[in-house]
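# Structure at a glance
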Amino acid sequence: LDSVKFGGPKILKQKCKLRTCLGEPAKEQNKVRATACGNCFGCLTPDCGQCIYCLDSVKFGGPGIKRQRCKQRTCHVGRSKE
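Residues numbered from 1 in each chain as written. Predicted model: local features only at pLDDT ≥ 70, side-chain atom pairs only at ≥ 80, totals over all residues. Heavy atoms only, no water.

## Quick notes on the environment of Ala-34
- Note on placement: Ala-34 falls in strand β1 (residues 33–35).
- The spatial distance from the C-alpha of Ala-34 to the C-alpha of Arg-79 is 5.6 Å, given a sequence separation of 45 residues. (Helix = DSSP H or I, 4+ residues; strand = E, 2+ residues; numbered from the N terminus.)

## Overview of unusual backbone geometry
- Notably, Arg-67 is not glycine yet its phi reads approximately 55°, a positive angle.
- The topology assignment puts Arg-67 in the loop between α2 (52–56) and β2 (79–81).

## Considering the pattern of salt bridges
- The final tally for this structure, using the stated rule, is two salt bridges.
- A salt bridge links Lys-59 to Asp-47; the shortest N-O distance between them is 3.1 Å. Of the two residues, Lys-59 sits in the loop between α2 and β2 while Asp-47 sits in the loop between α1 (41–44) and α2, which places them twelve residues apart along the sequence.
- Classification of Lys-59 by relative accessible area gives exposed; the value is 64%.
- When its relative accessible area of 23% is taken as the criterion, Asp-47 is described as partly exposed.
- A salt bridge links Asp-47 to Arg-73, with the nearest nitrogen and oxygen atoms 3.5 Å apart. Residue Asp-47 is located in the loop between α1 and α2, and its partner Arg-73 is located in the loop between α2 and β2; the two are separated by 26 residues in the primary sequence.
- What emerges from the salt-bridge pattern is a single network uniting Asp-47, Lys-59 and Arg-73. (Salt bridge = Lys/Arg side-chain N within 4 Å of Asp/Glu carboxyl O. Buried < 20%, exposed > 50% of the residue type's maximum accessible area, 1.4 Å probe, protein only.)

Structure (structure tokens):
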């Protein structure tokens, strides 16, 4: 709100704490997240070691920043976590 972009004098140099000015939606507390089933072909295949997610993982010598599952190990069934 203090930014010149929003018509402020830019004296305080603080970010918007509520993030209402950026238009970000509020976090929903009761959101259902899908997880892997662990039984299908995609869940049971080993890591390929060649995709960007495998090369990033510590297991294959990467820094481990992305922390995503291998592209070949995508679950096709899915299970909702409640």
